[in-house]
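Coordinates in review
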Amino acid sequence: MNDKIKKYVRDTMKSYGVCDYKLQRELISACCDEYSMQTANGATPYDAYEAAISNVDDIVKGMVKPGNKFGFSLGMGILALVISIGEMVASLLVANVEFYNVEMLIACALWAIIIILYAIVCRHSLRWYNFLILALLLVSWVVTVYMLLSFFLFEGLPGSWRELEFIFPCVFEERWHRPFMGEGAYETDYKVYLNFLVSAVTFITTLALFIHEKVKKTVRIN
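Our subject in this report is the structure included herewith. Remember, it's a predicted structure, so these values are computed and weren't measured experimentally. Residue positions within a chain follow its written sequence, with the count starting from 1. Note on the predicted model: pLDDT of at least 70 is required for a residue's local features to be given, and 80 or more for side-chain atom pairs to be given and counted; whole-chain, interface and lining totals, by contrast, use all residues. Values reported for side chains reflect all heavy atoms of the structure, with hydrogen atoms and water molecules removed beforehand.

**A closer look at the overall build of the chain**
Runs of E in the DSSP output that reach at least two residues are strands. Runs of H or I that reach at least four are helices, and both are numbered from the N terminus. Secondary structure summary: the chain contains eight helices and three strands in total. Shown N-terminal to C-terminal, the secondary structure of the chain runs as helices and strands in the order α-α-α-α-α-α-α-β-β-β-α. Relative accessibility decides the category of a residue: with a 1.4 Å probe and only protein chains considered, values under 20% of the type maximum give buried, values over 50% give exposed, and everything between is partly exposed. Counting every position in the chain, which comprises 222 residues, the buried fraction comes to 36%. At a minimum sequence separation of 6, the contacts of the chain that also span at least 24 residues come to 61%. For every accessible area listed, the method is Shrake-Rupley and the probe measures 1.4 Å; residues are considered covered only by the protein chains on display. Carbon and sulfur atoms form 66% of the exposed surface of the chain, whose accessible area is close to 12,900 Å². The contact definition used throughout considers only heavy atoms, calling two residues in contact when any of these lie within 4.5 Å.

This is the structure in structure tokens:
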């Protein structure tokens, strides 16, 4: 029966989004003690169990915080969308590839740092979906850098030039000119740009989860 009590306490706390391991241990201990006392006084296992868990729901409900467990995920989705939109807007203003060469490497480093900081700061309340979202964003930027790497490493001989233009919603057009080409001549290639699509999907998904969690929590509290 102790295992059943433990499962009930854990499931109740999880359903309300309360992550407090100290409270969880205290509730399980108190419920198990109450169950033992009830059975010692002659109560049936069913009645003893019901008495032991009778106050758990109210106690956990009182611990519900205004915060939303998908708030961090939504924040990362917004940040990714802002960065990707910034990259697209920059393409309209800056055709020189050096901007992306530096910016996308910084973005990769940013996602890696956020993952490390999240693992350290939230080590007692880690959520797998936050790691999944951060990993997807990191992979998206790393893949984009990899696909553009040959263009980033373009050998800048005298008389040569290169340009990178964004084609909505997910294509980069590369153009480059070499000295041996005729005047005004250049070659063109196209590379898939995943950052905006991944960011948009992440934002929409996390926003939906955030709203769903907010509505669900409001209903439970009321």
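**Digging into the pattern of salt bridges**
Each salt bridge in this description consists of a side-chain nitrogen of Lys or Arg and a carboxyl oxygen of Asp or Glu lying within 4 Å of one another. All told, the structure shown has one salt bridge when counted by the stated rule. Between Asp11 and Lys7 there is a salt bridge whose closest N-O contact spans 2.7 Å. With Asp11 and Lys7 both in helix H1 (residues 2–16), this residue pair falls four residues apart, about one helical turn. Judged by its relative accessible area of 38%, Asp11 falls in the partly exposed class.

**So, H1**
An ideal rise of 1.5 Å per residue puts 21 Å on 15 residues; H1 measures up with 22 Å between its terminal C-alpha atoms. Positive phi appears at Gly17, one or two residues downstream of H1, with a value of about 75°. Multiplying 1.5 Å by the residue count of a helix minus one yields the expected span of that helix.

**Some words on the packing of helix H2 (residues 21–40) against helix H3 (residues 45–53)**
Note on geometry: axes are C-alpha line fits, over the in-contact stretch for helices, and angles between N-to-C directions span 0 to 180 degrees. Taken N-terminus to C-terminus, the directions of H2 and H3 make an angle of 145°; their axes are 8 Å apart at the nearest point. At the point where H2 passes H3, the crossing takes the right-handed sense. Between H2 and H3, the contacting residues are Cys31, Glu34, Tyr35, Gln38 and Thr39 on the first element and Pro45, Ala48, Tyr49, Ala51, Ala52 and Ile53 on the second. Basically, the charged four are Asp, Glu, Lys and Arg, the nonpolar ten are Ala, Val, Leu, Ile, Met, Phe, Trp, Tyr, Cys and Pro, and anything else, Gly included, counts as polar. When the residues that make up the contact of H2 with H3 are grouped by side-chain class, the tally is eight nonpolar, two polar and one charged. Left-handed describes a crossing whose near helix is turned anticlockwise from the far helix through less than a right angle; right-handed describes the clockwise counterpart.

**Some remarks on the packing of aromatic side chains**
Centre distance and the angle of the planes are the two values used to describe a pair of aromatic rings. Between 30 and 60 degrees the pair is tilted, below 30 it is stacked and above 60 it is edge-to-face, where a pair is any two Phe, Tyr or Trp rings, Trp via its six-membered ring, whose centres lie within 6.5 Å. One pass over the structure, following the stated rule, counts five aromatic pairs. When the centroid spacing of 4.8 Å and the interplanar angle of 35° are considered together, the rings of Phe70 and Tyr129 count as tilted. Residue Phe70 is located in the loop between helix H4 (56–62) and helix H5 (71–93), and its partner Tyr129 is located in helix H7 (residues 128–152); the two are separated by 59 residues in the primary sequence. Assigned by exposure class, Phe70 and Tyr129 land together as buried. Seen from their ring centres, Phe72 and Tyr118 are 4.9 Å apart, and the 20° between their planes marks the pair as stacked. Of the two residues, Phe72 sits in helix H5 while Tyr118 sits in helix H6 (residues 98–121), which places them 46 residues apart along the sequence. Aromatic ring contacts, followed pair by pair, group Phe70, Trp128 and Tyr129 into a single cluster. Whether a charge sits over a ring depends on NZ of Lys or CZ of Arg being within 6 Å of the ring centre and within 35 degrees of the ring normal. Cation over ring: Lys4 sits above Tyr49, and NZ or CZ is 4.4 Å from the ring centre.

**Describing the nonpolar core**
Formed by 27 residues in total, the largest nonpolar core has its most connected members in Met104, Trp111, Trp141 and Phe172. Sorting the residues of this core by element identifies H5, H6, H7, strand S1 (161–167) and helix H8 (195–221) as the ones contributing at least two each. Not counting chain neighbours up to four residues away, the residues in contact with Phe172 comprise Tyr100, Met104, Leu148, Leu164, Glu165, Phe166, Asp189, Tyr190, Lys191 and Tyr193. What makes a nonpolar core is a set of buried Ala, Val, Leu, Ile, Met, Phe, Trp, Tyr and Cys residues whose side-chain atoms join them at distances within 4.5 Å.

**A few points about the side chain of Glu87**
On the secondary structure map, Glu87 appears in helix H5. Residue class for Glu87 comes out buried when judged on its relative accessible area of 1%. A distance of 2.9 Å separates the side chain of Glu87 from the side chain of Trp141, its partner in a polar contact. Under the rule applied, a polar contact is a pair of N or O atoms within 3.5 Å (in protein, one hydrogen donor and one hydrogen acceptor; residues adjacent in sequence only if both atoms are side-chain atoms). Here the side chain of Glu87 touches Asn195 through a polar contact of 3.3 Å, side chain to side chain. Excluding anything up to four places from it in sequence, Glu87 contacts Tyr100, Glu103, Met104, Trp141, Tyr193 and Asn195.

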